[in-house]
Structure formats: C-alpha cells, structure tokens
Amino acid sequence: MSETTLDTETYWSLGAEISDTKAAIDLPIDKIWQNRQFTAKLVNPANRRKLTVIIVGTGLAGGAAAATLGEAGYNVLNFCYQDSPRRAHSIAAQGGINAAKNYRNDGDSTYRLFYDTVKGGDYRSRETNVYRLAEVSANIIDQCVTQGVPFAREYGGLLDTRSFGGVQVQRTFYARGQTGQQLLIGAYQALERQVAAGTVKMYTRHEMIEVIVTDGRARGIVTRDMVTGKIEAFTADVVVLATGGYGNVFFLSTNAMGCNVTADWRAHRKGAYFANPCYTQIHPTCIPVHGETQSKLTLMSESLRNDGRIWVPKKAEDCGKDPRKIPEKDRDYYLERIYPSFGNLVPRDIASRQAKNMCDEGRGVGPEVAERDGEGNERKMRRGVYLDFSDAINRLGKKAVESRYGNLFDMYKQITAEDPYELPMRIYPAVHYTMGGLWVDYDLQSSIPGLYVAGEANFSDHGANRLGASALMQGLADGYFVLPNTINDYLAGAPFDKLDKNNPAVAEAVQSATDRVKTLLKVNGSRTVDSFHKELGHIMWEYCGMERSEEGLKLAIGRIRELRKEFWSDVKVTGVNEDFNQTLERAGRVADFLELGELMCVDALHRRESCGGHFRTESQTPEGEALRRDDEYLYVAAWEFASTGGAPVLHKEQLNYKAIELKQRSYK
C-alpha cells in the first residue's frame, strides 16, 4: 500500500452552516416537545388510508414505527433483509433500558436523565432532542409492560432496576440479560397484529440498495430480493430508514454479521448529510479476540459491572498466573482507584481507554497474542482485563448472582470453556455502537425532505459517547412516540401525485442498482470479499479505533483509497444475481464500507479535539483524559457527498446549551 500525503486544511470544503429549525428553542426546554406536538399538522383518519409509508428495518425503531403508523391507519410497507422481523439485531441487546421513573427514590428525574445523557456524550449532542428522549422514556416502560414484556421484578412485584455506566442512580429496567429480545418480541407482536389487520405489508429477505429521490423529495426505495435476485422499485409518500449502525466497518464488532451501512450510505450519496461519522463506541466488556479466523465478537452486558469488579495485576510478572493465586494486595482495581465516585460504572469510553492503557503498560491478562504496531513491527501482548465476581458471590451468594446474570455466565462459559463462577471473566474493549449517522432535524427528517431516520441510523441523541441502556430507549422512543407525531406534519402536505414506476427518477434508481450489481459480478478478480473487509477493519481499528492521531488518520485515508481501488479491480464475486448469493450481498456492503471508512477518517482528522469515543492523542489532559476544545468544535459535523474519492463538503450545526452547563467531564 502506498501512502497518500494530505493537506489537512484543504482536504474537505466548507458548506453553509445548518440548523435545526423545527424545535422552538426560545421556549423552556420542558415545553419544546409539547409545543412541537401541538404545532405539527395532523392528518385526518380518512386521509391516512390514502397515504403510504415505507419503513426499512424491523428492529426496535423500525418495528415500533411500523406498528404504530399501521395502527394509526397509514399503509405501511415494511422491509428487512432477515427472514423474520424477529431477527433484527435489536434482539441481541442484553443489559437493559433506561427510564426516568425514579422507582428507587434515589434522586432520579427527567432532568437528571437528560443531564447524564448530555454529559455522557461529552457535550456533543443536541440538547433539545436529548431532553425529549428523557421526557418520553417513562412512557416506554408503561407501553412495554402493557405489551407483556417480562421485566424483572422485586419480591413485592414492583419493577426492579439496576445501574449502568455514567450515572449514580438505578434507572435501568431489565429482563435478566435478554432485555433486547423481550422488547423486540413486544414490538414484533404489535407489528404482526397490524400485518394481520392489513395495514402493514411485510417484505422479508429484501435488501434496500437504492433510494428514489424526485423533485428533491424521497419517494421510494429499490430493493433486491435476496432469494431470487429480483431488483424492484417500491414507491410511497415518505420513507423511513431504521437500519441500525455501521460498526461492522471494523469487520470485528459485536454487531450481527449482516449489519451494514448500505441504506444510510445510498441515502447519503443522494444528498442526505452524514453527521459525526467518526463517533464510534468501543464497549469495555467484550470477550477478547481469540484468533485470526474469528468473524465477530461477543458482548458481555455492561450490567455485569454492577457486581463485577475490574482489575489487573499490579506486577507484569503476575499476568500469566492463575488469578485466584494473586493475592488482594497485588491486584489493581484501577477504575475504583482512578474514579472513586463512579468506580466500575464509569462511561464506556473511559472504561475502554483505561483497559487499553493497562494492557499497553504490559499488565494485560490472558494468552499472549502477536500483533503489529502502526509501523508494522510485531509484538506480543496480552489483551484482556479481569471482571471478577468473587466478591459478589461471597456477599450475595451464588444463587442471587445466577438469578441476575445466569444466562450471561452460561454464554461466557460456552464460548471460552471457563466457568465465571470459579474464574474471573476476561474482557477487552471492542466496537459496539455508532453514535454518528444520518443528520436529522428535531422531527427526525434528514436533509432530503421526505426521508426520515430513526434509532441508531441517525446521529441525534448520544453525542460522542452513548451511555449504556440508552440504545433501546432511543429506538423505542423514536418508533413509538417521536416519529408517529412528527411525520404527520410532513404527510399533511400530501397526497402527492402517485409516483409511477415508469417515472424517470424511478427508472434511474433501478438502473443504477442494476448496474452496480452487474459491475460487482463482472470484476471476476482474485481476492475474496472478506479479505478486503478484514483489511479495511484492520486499518480502521489501528488508526480510527480507540485512539486516533493526525499522522495515523492521514495514513489510513491513503490506504483505504488504495484498497478501494484494488477492490473494484480485483474482487472475486462468485455466482449470479438471479439466485441466493451471499457473496454478492457482502460485496455490495463492503463497497459501501470502503467509502464510509474514508469519511470516518476524514471526520476524525478534521476534529482536532478529544471527546467521548473520539480520542485524539494530540488533545488530552496531563492525566490522559479526553480534552475537548469547545471554542473550535462545539458543532455537529454534517458531511455532504460530493463524488467518489472527492472532497466531501462539511456543514456545521452549532450546538447551543441553554438548559445545561457546558464543562469538562469528570467522573472522579
């Protein structure tokens, strides 16, 4: 790979500043959502039957939105690439869902949830959106209980809660370590009720590969039937993307193997701004990488940090020993030592960086693995820290620990062949969630009118770092309560003229998707799709992962450009389109990841500050903590697509904090 010299100042071009105009931000923050609900236009029930909504995705955001809009009387076309809506990646979430109900009487409130979320995101989220999220959070729990979601309960029958990182209250509702599964089944049941009622038409095994834009509005999508290969256009009055995050750009992540960026990226290429793409969440409690042939990583729920204590040996020579033989005085409970106020429940970005620091010092645990540094030199490192439950088992008893975390312990034992009741778990940070996504306004509408974005696919709520148990909260808030209120305002301007499938915009989108598939099949090179994906993932993890630097990011951009060029000249896509062809599916997704990866590095390069999950080595405190530069970077970076390989256009949305004090984070 050759290196590319980049001029940091002129690599991107600047566009006009953008702003969110839908929220009446001159009102007190607790009145903004009420005001928006009242001022948004309504669509009467008779007219709803004439309108069609396309929703891509059936996870918590997409499934909840489809069920709710179907119940409201709209005609909903719901698409997913899985064989069932229940296979959406939301089902993999483990630990819990936040809500400001203050059942513990421990000082929680809507404002405290709002404050914790903005602070946890290192003051890089839009405060109006976050306050609304906190406001509707309590309604989510009531909705889900009514649906029959089996949340954990205390002895007296009241809903139980536990703590998650970055907070000092217990606001997280949970169903053992299966919270995402139970919430998704609740949404799925509501969705299937509407399918049976005829208001929702479900298209499984259909992957969106293009968006249809005409007269400046999103009016439909193009899909590929993943069984037959049929490429087909579907038109509607409005389009909603609820397609999750793009963490699989790193190849190894906790995401399901099928998770991808294609829906968002196709929209981005048609004009939707991509906001803060470099904001990636590294989760601190994942099972460490165990081999070169591994294709994904396994998350161990953050809820384990309630009772598990994280430590490494104080002396490097003890790292290879049986942890049970290392006495207490020789253990470094480093999070409790560095952050006495929050201890093991610091936010994910902080816990992840400190785990890396311990391992970089030579105090990591587990088997030694060979790795290469940025200059290609091989070294042997131990990449793991201990998550120890011995204190909790002694204090609470094994039965109590099993009732809280039993399925997680079983999963760990199945994967590692080690019993966490007897030995401490070994964990290490891994890519988990992406805070960046398509830019949306307060109504969740992207920069393309008629294209709405919900859940992890948008950027709006988490800033530079997501607090644990907030992903499920955002997905259901967007799907059940936010989008069904705000989308009416747009649809009240309908009915638009029905879009014929012979319309030039429709024909162009279908032809573009068809040509792309043909091009991938025609290359007939010598390298597998996965080999390109693995190489891209290595570049991204090494230079745009837990730590970023100007030198490394410039190097990464050059390498990604070269890799993309090689992909289009030497990728081997076997089979044909008119058949079930997983290699073709992966090739299309990796092609988009190659373009996204470059934009992520560009975004990280331009933001010369550290904030949340974005840690620039050039911007840190003497203690090694993230150092923000509010005088220069207090804005959302929203990127407009220019051309493949061309300079993206940067639009800035200035962040205004009126209801919360802007200050450097401290969890000490």
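Residues numbered from 1 in each chain as written. Predicted model: local features only at pLDDT ≥ 70, side-chain atom pairs only at ≥ 80, totals over all residues. Heavy atoms only, no water.

Attention now moves to the overall build of the protein chain. A tally of regular secondary structure across the protein chain gives 17 helices and 23 strands. Against the 2.2 N^0.38 benchmark of 26 Å for 668 residues, the protein chain shows a C-alpha radius of gyration of 24 Å, consistent with a compact globule. On the principal axes, the C-alpha backbone points of the protein chain span a range of 75 × 60 × 50 Å. In the protein chain, buried positions account for 60% of the 668 residues. In the protein chain, of all internal contacts separated by at least 6 residues, the share reaching a separation of at least 24 is 74%. Carbon and sulfur atoms make up 47% of the accessible area of the protein chain, which amounts to about 25,000 Å² in all. Distance from the positive charge centre (83 side chains) to the negative charge centre (87 side chains) of the protein chain: 3 Å. (Helix = DSSP H or I, 4+ residues; strand = E, 2+ residues; numbered from the N terminus. Rg over C-alpha atoms; globule rule 2.2 N^0.38 Å. Buried < 20%, exposed > 50% of the residue type's maximum accessible area, 1.4 Å probe, protein only. Contact = heavy atoms within 4.5 Å. Areas by Shrake-Rupley, 256 points an atom, 1.4 Å probe, with all protein chains shown as cover. Lys, Arg positive; Asp, Glu negative; His and termini not counted. Charge placed at Lys NZ, Arg CZ, Asp CG, Glu CD.)

Using the criterion set out here, one finds 24 aromatic pairs in the structure. Plain terms: the ring middles of phenylalanine 342 and tyrosine 667 are 4.8 Å apart, the flat faces sit at 85° to each other, and that makes the pair edge-to-face. A residue pair is termed long-range when its members are at least 10 positions apart, and phenylalanine 342 in the loop between helix H8 (334-338) and helix H9 (348-360) and tyrosine 667 in the segment after strand E23 (649-654) qualify at 325 residues. Each of the two residues, phenylalanine 342 as well as tyrosine 667, counts as buried. Consider the rings of tyrosine 405 and phenylalanine 409, whose centres lie 6.4 Å apart with planes at 15°: the pair is stacked. Here phenylalanine 409 and tyrosine 405 lie together in helix H11 (residues 398-416), a separation of 4 residues that amounts to about one turn. Chaining the aromatic ring pairs together yields one cluster made of Phe389, Tyr405, Phe409 and Tyr421. The aromatic ring of tyrosine 442 is capped on one face by arginine 132, whose charged end is 4.1 Å from the ring centroid. (Phe/Tyr/Trp six-rings, centres within 6.5 Å; stacked < 30°, edge-to-face > 60°. Lys NZ or Arg CZ within 6 Å of the ring centre and 35° of its normal.)

Moving on: the sheet that holds strand E5 (residues 161-162). Paired through their backbone hydrogen bonds, the strands of a sheet run either parallel or antiparallel. Strand order in the open sheet formed by 3 strands is E4-E6-E5, with antiparallel pairing between adjacent strands. The strands lining the two open edges of the sheet, one partner per strand, are strand E4 (97-98) and E5. Pairing analysis gives 2 bridges linking E4 to strand E6 (residues 172-173), with the strands arranged antiparallel. Bridging across to E6, asparagine 98 finds its partner in threonine 172. (Pairing = 2+ DSSP bridges.)

Across the interface, helix H4 (residues 110-120) lies against helix H5 (residues 127-147) with an axial gap of 8 Å and an inter-helix angle of 135°. Classified by the interaxial angle, the pair formed by H4 and H5 is oblique. Crossing handedness for the pair H4 and H5: right-handed. Along its contact with H4, which presents Thr110, Tyr111, Leu113, Phe114, Thr117 and Val118, the element H5 presents Glu127, Val130, Tyr131, Ala134, Glu135 and Ser137. Considering only residue class, the contact of H4 with H5 consists of 7 nonpolar, 3 polar and 2 charged. (Axes fitted to C-alpha atoms, helices over the stretch in contact; angles between N-to-C directions. Parallel < 35°, antiparallel > 145°, perpendicular 65-115°, else oblique. Left-handed = near helix turned anticlockwise from the far one by under 90°. Nonpolar A, V, L, I, M, F, W, Y, C, P; charged D, E, K, R; others polar.)

On to the sheet that holds strand E8 (residues 206-214). Here 3 strands make up an open sheet; going across it, the order is E8-E9-E10 and the pairing antiparallel. Every other strand in the sheet has two partners, leaving E8 and strand E10 (231-235) as the edge strands with one partner each. Mean inter-strand twist for the sheet, computed between neighbouring axes without regard to direction, equals 30°. For strand E9 (residues 217-225) and E10, the ladder comprises 5 bridges, and the chain directions are antiparallel. Note on E10: the bridge partner recorded for threonine 223 is glutamate 232.

Our next topic: unusual backbone geometry. Of note, aspartate 122 is a non-glycine position whose phi angle comes to about 55°, a positive value. Tracing the chain through its elements places aspartate 122 in the loop between H4 and H5. Using a relative accessible area of 2% as the deciding quantity, one classes aspartate 122 as buried. Phi at aspartate 215 takes a positive value of approximately 50°, unusual for a residue other than glycine. With respect to the element layout, aspartate 215 can be found in the loop between E8 and E9.

Here we come to the environment of cysteine 319. With respect to the helices and strands, cysteine 319 occurs in the loop between strand E14 (309-313) and strand E15 (331-332). On the basis of relative accessible area, cysteine 319 is assigned to the buried category, the value being 3%. Not counting the four nearest positions on each side in its chain, cysteine 319 is found in contact with Pro313, Gly362, Arg363, Gly364, Val365, Gly366 and Arg382.

Where helix H3 (residues 60-72) meets helix H6 (residues 179-197), the axes come as close as 8 Å, and the angle between the chain directions of the two elements is 30°. Crossing of H3 over H6 shows left-handed handedness. Two secondary-structure elements touch here, H3 through Leu60, Gly63, Ala64, Ala66, Ala67, Gly70 and Glu71 and H6 through Leu183, Leu184, Ala187, Ala190, Leu191, Arg193 and Gln194. Broken down by class, the residue content of the contact of H3 with H6 amounts to 9 nonpolar, 3 polar and 2 charged.

Attention shifts here to the nonpolar core. With 154 residues, the main nonpolar core has Ile97 and Leu241 as its most contacted residues. Considering each element in turn, this core owes the most residues, 13 residues, to helix H16 (residues 582-606). Dropping the residues within four chain positions of it, isoleucine 97 is found in contact with Ile140, Ile141, Phe151, Arg171, Thr172, Phe173, Thr179, Leu183, Ala469, Leu472, Met473 and Leu476. Within the second largest apolar cluster, 31 residues are counted, among which are Leu335, Ala351, Cys359 and Phe389. (Core = buried A, V, L, I, M, F, W, Y, C linked by side-chain atoms within 4.5 Å.)

Right, let's talk about H16 for a bit. Spanning 25 residues, H16 covers 36 Å between terminal C-alpha atoms, matching the ideal 36 Å at 1.5 Å per step. With respect to burial, H16 is a largely interior element, 23 of its 25 residues being buried. By the N-cap criterion, in which a side-chain oxygen at the helix start approaches the backbone nitrogen of a residue two or three places on, H16 is capped by asparagine 581, the distance to threonine 583 being 3.2 Å. (Expected span 1.5 Å × (residues − 1). Polar contact = N/O pair within 3.5 Å; in protein donor to acceptor, adjacent residues only side chain to side chain.)

Domains assigned within the protein chain are domain 1 (282-429) and domain 2 (515-633). In this assembly, 12 residues from domain 1 lie in contact with 11 residues from domain 2. When the two sides are added together, the surface that domain 1 and domain 2 hide from each other amounts to roughly 1,000 Å², 53% of it contributed by carbon and sulfur. Our count for the contact surface shared by domain 1 and domain 2 stands at 0 salt bridges. At 5 residues, H9 tops the list of elements feeding residues into the side of domain 1 that touches domain 2. (Domains from an automatic or database assignment. Buried area = accessible area lost by both parts, 1.4 Å probe. Salt bridge = Lys/Arg side-chain N within 4 Å of Asp/Glu carboxyl O.)

Right, let's get into the environment of isoleucine 209. Here isoleucine 209 is to be found in strand E8. Once the C-alpha coordinates of isoleucine 209 and serine 301 are considered, the two residues, 92 residues apart in sequence, prove to be 33 Å apart. Setting aside residues no more than four positions away along its own chain, isoleucine 209 makes contact with Val222, Thr223, Arg224, Ile231, Thr262, Arg266 and Ala513.

Take lysine 50: it is sitting in the loop between helix H2 (45-48) and strand E2 (52-56). Residue lysine 50 is classed as exposed on the basis of its relative accessible area of 51%. Along the sequence, lysine 50 and alanine 494 sit 444 residues apart, while their C-alpha atoms lie 9.2 Å from each other. If we ignore the near neighbours within four places in the chain, the residues touching lysine 50 are Asn75, Asp237 and Lys498.

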